[in-house]
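The lines below spell out each chain.
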2 protein chains.
Amino acid sequence: MPRHEPSAAHTRTVVGRAPAANTEDRMGAFHARLKDKGLKSTGQRDDIARVFFGIGRHISAEELYAEVKKINPHVGYATIYRTLRLLRECDLLQERHFDEGQARYEATDERHHDHFICERCGKIIEFQNDSIERLQEAVARELKAELRRHKMELYGICGDCLARGER
Amino acid sequence: MPRHEPSAAHTRTVVGRAPAANTEDRMGAFHARLKDKGLKSTGQRDDIARVFFGIGRHISAEELYAEVKKINPHVGYATIYRTLRLLRECDLLQERHFDEGQARYEATDERHHDHFICERCGKIIEFQNDSIERLQEAVARELKAELRRHKMELYGICGDCLARGER
DNA sequence: CTAGTTGCAAATGTTTTGCACAAAC
DNA sequence: GTTTGTGCAAAACATTTGCAACTAG
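Here's the deal with the sheet that holds strand 5 (residues 104-107) of chain A
All names here are of chain A.
Line of reasoning, step 1. Across the sheet, which stays open at both edges, the three strands sit in the order 3-5-4 with antiparallel pairing between neighbours. The strands lining the two open edges of the sheet, one partner per strand, are strand 3 (59-60) and strand 4 (93-96).
Line of reasoning, step 2. Across two bridges, strand 3 lies against strand 5 in antiparallel orientation. Bridged to S60 within strand 5 is R104.

Some points on the domain arrangement of chain A
Size of an interface: often given as the accessible area lost when the parts come together.
Residue and element names in this part refer to chain A.
Line of reasoning, step 1. Taken domain by domain, chain A holds domain 1 (23-107) and domain 2 (111-163).
Line of reasoning, step 2. The gap between the C-alpha centroids of domain 1 and domain 2 is 25 Å.
Line of reasoning, step 3. Taking both partners together, domain 1 and domain 2 bury about 620 Å²; carbon and sulfur atoms supply 54% of that area.
Line of reasoning, step 4. Viewed at the interface, domain 2 and domain 1 are joined by zero salt bridges.
Line of reasoning, step 5. Applying the counting criterion to the domain 1 and domain 2 interface returns five residue pairs in polar contact (both at pLDDT 80 or more).
Line of reasoning, step 6. Looking at the side of domain 1 that touches domain 2 residue by residue, the class counts come to one nonpolar, two polar and five charged.

Notes on the protein's contact with DNA strand C
Line of reasoning, step 1. Near DNA strand C there are 20 residues, and of these T42, R45, T79 and R82 of chain A together with Y81 of chain B occur at the shortest range.
Line of reasoning, step 2. Within 4 Å of the protein, atoms of DNA strand C come from sugar and phosphate in 71% of cases.
Line of reasoning, step 3. Between a base nitrogen of DNA strand C and a side-chain N or O atom of R82 of chain A, the distance comes to 2.8 Å.
Line of reasoning, step 4. Elements with a contribution of two residues or more to the surface near DNA strand C: helix 2 (43-55) and helix 4 (77-89) of chain A together with helix 4 (77-89) of chain B.
Line of reasoning, step 5. Per-element accounting of the surface near DNA strand C gives the leading share, four residues, to helix 4 of chain B.
Line of reasoning, step 6. Residues of the surface near DNA strand C, tallied by class, amount to six nonpolar, eight polar and six charged.

Re the protein's contact with DNA strand D
Line of reasoning, step 1. In the vicinity of DNA strand D there are 20 residues, among which Y81 of chain A together with K40, T42, R45 and T79 of chain B approach most closely.
Line of reasoning, step 2. The sugar and phosphate moieties of DNA strand D supply 72% of its atoms located within 4 Å of the protein.
Line of reasoning, step 3. The contact in question runs from a phosphate oxygen of DNA strand D to an N or O atom on the side chain of R45 of chain B, over 2.5 Å.
Line of reasoning, step 4. Grouping the constituent residues of the surface near DNA strand D by class yields six nonpolar, eight polar and six charged.

Rules used throughout
The numbers attached to residues start from 1 for each chain and follow its sequence in the written order. Naming scheme: in the order in which they are written, chains are lettered from A and ligands are numbered from 1. In view of the model being predicted, local features appear only for residues whose pLDDT reaches at least 70, and side-chain atom pairs are presented and counted only at 80 or more, with totals across whole chains, interfaces and linings using the full set of residues. To obtain the side-chain values, all non-hydrogen atoms of the structure were used and water was disregarded. If DSSP finds at least two bridges between two strands, the strands pair. What counts as a helix is a DSSP run of H or I of at least four residues, what counts as a strand is a run of E of at least two, and both are numbered from the N terminus. Delimitation of the domains relies on an automatic or database domain assignment. Here the quantity called buried area is the accessible surface, traced with a 1.4 Å probe, that two parts lose on coming together, added over both. The working definition used for a salt bridge is a side-chain nitrogen of Lys or Arg within 4 Å of a carboxyl oxygen of Asp or Glu. The definition of a polar contact used here is a pair of N or O atoms within 3.5 Å, where within protein one atom must be able to donate a hydrogen and the other to accept one, and adjacent residues in sequence count solely through side-chain atom pairs. In this classification, Asp, Glu, Lys and Arg are treated as charged, Ala, Val, Leu, Ile, Met, Phe, Trp, Tyr, Cys and Pro as nonpolar, and every other residue, Gly included, as polar. One heavy atom within 4 Å of a molecule or strand is enough for the residue carrying it to be called near that molecule or strand.

Rendered as structure tokens:
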């Protein structure tokens with residue numbers, strides 16, 4: 001559930017996440033995109049995609065592999081990676097590289113957002129701040145450059161960890 | 001040479017780079033930090049650090065290895081990586097992970113800055129925008145979180161490539 | 001039937017490490 | 001003379017790929 005917080009002049013930060021399209025809607029979109037591309041729907045692809053859409057956010061390939069194994073022990077790592085790439089090519093997922101060795105994946109959201117990553121508990125909080133987005137465009141204009149995309153990640157200690165008082 | 005560009009209300013973007021501390025100053029700092037830590041100065045460390053400080057910015061380990069080989073063909077890859085880590089531990093370099101497989105390294109600058117990366121020519125432009133920094137702090141406050149560091153990279157087509165008109 | 005898909009194992013690319021030898025302090 | 005550093009080759013790690021067998025359309 002998104003929630004608005006009052007904030008400093010000209011700033012509005014939205015924290016949280018709109019109710020996501022449900023898993024079956026996304027599965028339908030996946031099947032449609034596959035058909036468009038002349039590719040096949042298979043049991044493995046369905047299992048992987050359904051687990052991915054159902055499980056939520058910021059999952060790693062390793063975690064996804066473990067989850068998929070529970071319902072279909074036969075799938076291999078290669079198929080996980082190939083299906084993740086396919087979902088990306090269908091614009092149904094986004095790949096993120098936070099400060100770890102491995103990539104994390106999230107279902108594409110209608111809304112663009114950036115991330116706050118807690119360095120203590122690892123929690124990833126999504127937020128949206130239009131003022132920052134506008135300033136990024138302004139920077140690009142000053143460079144006479146064309147801005148296509150950006151990456152912004154804030155790292156620190158989340159409110160819960162601070163409240164828990166563990167230093 | 002830093003240069004100021006006029007910009008939209010409340011925004012000031014600084015592009016470019018202050019005259020860097022010179023190589024010998026940085027070498028002196030390196031030797032001092034090594035002594036503090038009870039570590040040794042060696043020919044290899046000096047060769048690697050001097051090449052790194054002299055060569056400028058955003059170099060990869062591979063490029064640094066090639067450059068160092070020119071003046072000291074005997075050094076190994078492992079020593080490059082070990083010296084890069086050491087320089088990081090001495091706060092004399094920063095490691096960056098842009099959208100490539102390999103890390104890039106830059107000498108620590110007195111000024112914090114972020115990067116614009118041209119997706120066509122690969123050029124990396126540094127900039128500084130205090131308004132964005134303030135808004136990042138504001139986001140953290142709204143999350144009741146403590147902001148420790150951030151990563152912001154803008155990707156697009158740089159002014160030179162646009163002017164060159166290649167689409 | 002046939003193009004597309006899978007699992008496995010092997011390859012990849014970057015970075016790290018174990019270890020015997022060498023060099024600083 | 002210890003302690004720390006080095007080079008090499010091998011390991012680690014996340015991800016990709018070749019290939020023969022398989023399966024959806």
